[in-house]
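Descriptive analysis of the structure
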There are 4 protein chains.
Amino acid sequence: MKQKIIIGVLGPGENASPEACELAYQLGRSIAKEGWIVLTGGREYGTMDAAMRGATEEGGLTIGVLPLTNSRNSSPFATIRIVTGLGSARNSINVLSSHVVLICGMSAGTASEVAVAIKSNKKVILVNQDEQTVAFFRKIGPQRIITTKTVEETMAIVRDYVAMNQIA
Amino acid sequence: MKQKIIIGVLGPGENASPEACELAYQLGRSIAKEGWIVLTGGREYGTMDAAMRGATEEGGLTIGVLPLTNSRNSSPFATIRIVTGLGSARNSINVLSSHVVLICGMSAGTASEVAVAIKSNKKVILVNQDEQTVAFFRKIGPQRIITTKTVEETMAIVRDYVAMNQIA
Amino acid sequence: MKQKIIIGVLGPGENASPEACELAYQLGRSIAKEGWIVLTGGREYGTMDAAMRGATEEGGLTIGVLPLTNSRNSSPFATIRIVTGLGSARNSINVLSSHVVLICGMSAGTASEVAVAIKSNKKVILVNQDEQTVAFFRKIGPQRIITTKTVEETMAIVRDYVAMNQIA
Amino acid sequence: MKQKIIIGVLGPGENASPEACELAYQLGRSIAKEGWIVLTGGREYGTMDAAMRGATEEGGLTIGVLPLTNSRNSSPFATIRIVTGLGSARNSINVLSSHVVLICGMSAGTASEVAVAIKSNKKVILVNQDEQTVAFFRKIGPQRIITTKTVEETMAIVRDYVAMNQIA
């Protein structure tokens, strides 16, 4: 049996903008259509919930990497629940477990995930981010940062990356 | 979409006995036949590898919760790879993410997982363990410890637990 | 400036026996008299609190490695508070950061610390433990397990170990 | 005995600029003169090493929160070595254990620490950072971000904060 492809969709929880949630939802759908797993921080809010909702609507699997010692604050759309008990320190697991990391929206927690992705040489795509955010991350990790504007453009890059790296 | 049932099969890696590996393999097969996911510490040795090999032979999904910052030491039978970078501290994730924890064989790492399972009030089954081991864990966590001798007996208890707790 | 010697005094919290607490207290005093730091799990209960109380009464420094994301549940006798936010996963830090690990009393959490100490090849001393406990840990980690009955005997072994390893 | 004040001096390791190292060194000296402990990521490079060197030259205590499972890559100026085995996930311990977090220089790892500090509502001071960096962090955590240009200015703010919060 083959290894599953895992695509992280990482972004804000409670304070996510409607635009970031819609983007996460569409990415979740698109990832599931490819037969890949959507991974998020697992909670019932914002982009985490939206990305996993999108994926499950397409019949896809989802992984929620949860911060608490139980799954009480899990999104109902997390079909596989990894319960860490590590609080925000679980963010590095989100990044390390994803073959590609897609960033929708921005917050302190999300910024820590982009930073960890850069530090661990992960493929990371900033989706529809403002210029200031892109400029900052380009400064601290120039080679790694890819930017896209749309779901289609993002998925094309992910497909190429998966194909070229023959992950599965 | 429903939450997946995750059953941890935890036991030694490099120094696992052939008996513990055979037990893990059979448990892996049986868990996969129920449509549940087998979770292990993910490495290419011992009971971890055996349990996931059994599960994948039955077409089941497997989760390997890996200690390093990459998946280089993963068993090929880990279809979903959670990359933690936490070393042995990832053992608590193995326990917390499993709806039921099955223990095959014994080692220092395995003992730490039984201890964490007791501490976090997880359903834990010591499968075919010697009297000394059972006596020790009964002393530090009397209510929680269930012991079984065979795969069939173990699976019957897991089935009852899953049904009664309506996890999925 | 020299590296400080850190001696872990690990044992139960809420459910510690009076004997285990008295032992931890006396060990804490003795460690501080040597000019070494006492490290515990940091909380305001049981052996953790007792060991750090003993050390501070002798003017010693203490390190409490706390499980939560703040220090609200810290013992007042923790002079240096390491705030981990990792829950029980912080137990491996207790072990790894101690030059020698002394075990007073037994519980599920304590058993996980002995197991991690064995796994990571730490010098670990089971102080005044019953035969069943000693037998179990000897089985899973034969070379590593030292047993003592008294504070004096324990401290003599620690002194030798520190001198021979020229830690500071 | 009183709780020790811990001030985190966080910044790049291998790729730290000479200016960031000099700043970290001076901050380390100043913190030690107050009788406070300097906390860093503990390694033998860059700002970590410089801050702890400064502190030890003034006779101060230093805490190095190390990423590996042993202290082999520790700075010699880390007088208290917390060995985590958590890799980059130890960054959140650096932040949570510091009463105030001072940021010297910038890198991916450092950015993750600023992000965690914002998320966990820690007092964080960006010392002598460029406008782009300040603007980015102000956007994701407006209330928390304090900026300073000099060691003196930074220490004045830290002194006020410690006094007003009566930490020790």
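Parameters and conventions
- Residues numbered from 1 in each chain as written.
- Chains lettered and ligands numbered in written order.
- Predicted model: local features only at pLDDT ≥ 70, side-chain atom pairs only at ≥ 80, totals over all residues.
- Heavy atoms only, no water.
- Helix = DSSP H or I, 4+ residues; strand = E, 2+ residues; numbered from the N terminus.
- Buried < 20%, exposed > 50% of the residue type's maximum accessible area, 1.4 Å probe, protein only.
- Contact = heavy atoms within 4.5 Å.
- Least-squares fit on C-alpha atoms with pLDDT ≥ 70 in both.
- Buried area = accessible area lost by both parts, 1.4 Å probe.
- Salt bridge = Lys/Arg side-chain N within 4 Å of Asp/Glu carboxyl O.
- Polar contact = N/O pair within 3.5 Å; in protein donor to acceptor, adjacent residues only side chain to side chain.
- Nonpolar A, V, L, I, M, F, W, Y, C, P; charged D, E, K, R; others polar.
- Pairing = 2+ DSSP bridges.
- Core = buried A, V, L, I, M, F, W, Y, C linked by side-chain atoms within 4.5 Å.
- Expected span 1.5 Å × (residues − 1).
- Axes fitted to C-alpha atoms, helices over the stretch in contact; angles between N-to-C directions.

As a further point, take the environment of Ile145(A). Residues and elements named next belong to chain A. Within the secondary structure, Ile 145 is located in strand E7 (residues 145-148). Residue Ile 145 is classed as buried on the basis of its relative accessible area of 6%. Among all residues touching Ile 145, those that are not within four sequence positions of it are Ile 118, Val 124, Leu 126, Phe 137 and Arg 138.

Looking now at the relation of the copies chain A and chain C. Between chain A and chain C, which share one sequence, the superposing operator has a rotation angle of 180° and an axial displacement of 0.0 Å; the RMSD is 0.0 Å. In the structure described here, the two chain copies are related by an operation that fits a two-fold rotation axis. Rotation axis and chain A: the residue whose C-alpha lies nearest the axis is Leu86(A), separated from it by 2.2 Å.

In many analyses, interface size is given as the accessible surface area lost on bringing the parts together. At the junction of the two partners, chain B supplies 25 residues and chain A supplies 26 residues. Between chain B and chain A, roughly 2100 Å² of surface is buried when both sides are summed, and carbon and sulfur atoms account for 68% of that area. At the surface where chain B touches chain A, the tally comes to zero salt bridges. The interface formed by chain B and chain A holds four residue pairs in polar contact (both at pLDDT 80 or more) in total. The leading source of residues in the side of chain B that touches chain A is strand E4 (residues 80-83) of chain B, at four residues. Broken down by class, the residue content of the side of chain B that touches chain A amounts to 13 nonpolar, nine polar and three charged.

Strand residues, when the strand is regular, have side chains that alternate between the two faces of the sheet. Residue and element names in this part refer to chain B. Because side chains alternate across strand E2 (residues 37-40), one face comprises the buried residues Ile 37 and Leu 39, and the other comprises Val 38 and Thr 40, equally buried. Across three bridges, the pairing between strand E1 (residues 6-10) and E2 is parallel. Its bridge partner being in E2, Gly 8 is matched across the sheet by Leu 39.

Looking now at the interface of chain A and chain C. On the chain C side, the residues contacting the four residues of chain A number four residues. Roughly 220 Å² is buried in total at the junction of chain A and chain C, and carbon and sulfur atoms are behind 63% of that figure. Between the two partners, chain A and chain C, sit zero residue pairs in polar contact (both at pLDDT 80 or more). Taken together, the residues of the side of chain A that touches chain C break down into two nonpolar, two polar and no charged.

All names here are of chain D. Scanning all chains against the criterion turns up 24 salt bridges over all chains. Among the salt bridges present, the one from Glu 57 reaches Arg 29, with a minimum N-O distance of 3.9 Å. You can see Glu 57 sitting in helix H2 (residues 46-57) and its partner Arg 29 sitting in helix H1 (residues 18-33), a full 28 residues away along the chain. Its relative accessible area of 26% is what places Arg 29 among the partly exposed residues.

Moving on to the relation of the copies chain B and chain A. Of the transformation placing chain B onto chain A, the axial shift is 0.0 Å and the rotation is 180°, giving an RMSD of 0.0 Å. Residue by residue, 100% of the interface of chain B is reproduced at the interface of chain A, so both copies engage with the same surface.

In this section: the nonpolar core. If you look at the biggest cluster of nonpolar residues, it comprises 118 residues, and the most contacted ones within it are Phe137(A) and Phe137(C). With sequence-adjacent residues up to four places away left out, Phe137(C) is seen in contact with Phe136(B), Met106(C), Ala111(C), Val114(C), Ala115(C), Ile118(C), Leu126(C), Pro142(C) and Ile145(C).

Here the focus is helix H2 (residues 46-57) of chain A. All names here are of chain A. Between its terminal C-alpha atoms H2 stretches 17 Å, which fits the 16 Å expected from 12 residues at 1.5 Å a residue. Counting buried residues along H2, 10 of its 12 residues qualify, which places the element largely inside the surrounding structure. Along H2, the residues that are buried comprise Gly 46, Thr 47, Met 48, Asp 49, Ala 50, Ala 51, Met 52, Gly 54, Ala 55 and Thr 56. Along its buried surface, H2 packs onto strand E1 (6-10), helix H1 (18-33), strand E2 (37-40), strand E3 (62-66) and strand E5 (100-104). Downstream of H2 by a residue or two, Gly 59 has a phi angle that is positive, lying close to 80°.

Residue and element names in this part refer to chain C. Strands sit in the order E4-E3-E2-E1-E5-E6-E7 across an open sheet of seven strands; the sheet is parallel. Each edge of the sheet is formed by a strand with only one pairing partner; in this case those strands are strand E4 (80-83) and strand E7 (145-148). On average, adjacent strands in this sheet sit at an angle of 25° to one another, irrespective of strand direction. Where helix H5 (residues 131-140) meets the sheet, it contacts strand E6 (123-127) and E7, and its direction lies at approximately 160° from that of E7.

Attention now moves to the pairing of strand E5 (residues 100-104) of chain C. Residues and elements named next belong to chain C. E5 sits mainly inside the fold: five of its five residues count as buried. Where burial is concerned, the two faces of E5 agree: the one with Val 100, Leu 102 and Cys 104 and the one with Val 101 and Ile 103 are both buried. Where strand E1 (residues 6-10) meets E5, four bridges bridge the pair, whose relative direction is parallel. Counted as the bridge partner of Leu 10 is Ile 103 from E5.

The phi torsion of most residues other than glycine is negative, and most of the peptide bonds are trans. In this structure, Asn121(A) takes a positive phi of about 60° despite not being glycine. Along the chain, the position of Asn121(A) falls in the loop between helix H4 (108-119) and strand E6 (123-127). Positive phi, normally seen in glycine, also occurs at Asn128(D), with a value near 55°. Position of Asn128(D) relative to the elements: it lies in the loop between strand E6 (123-127) and helix H5 (131-140).

Attention now moves to the environment of Gly60(B). Residue and element names in this part refer to chain B. Among the structural elements, Gly 60 can be located in the loop between helix H2 (46-57) and strand E3 (62-66). On the basis of relative accessible area, Gly 60 is assigned to the buried category, the value being 6%. Between the alpha carbons of Gly 60 and Gly 28 there is a distance of 8.7 Å; along the sequence they are 32 residues apart.

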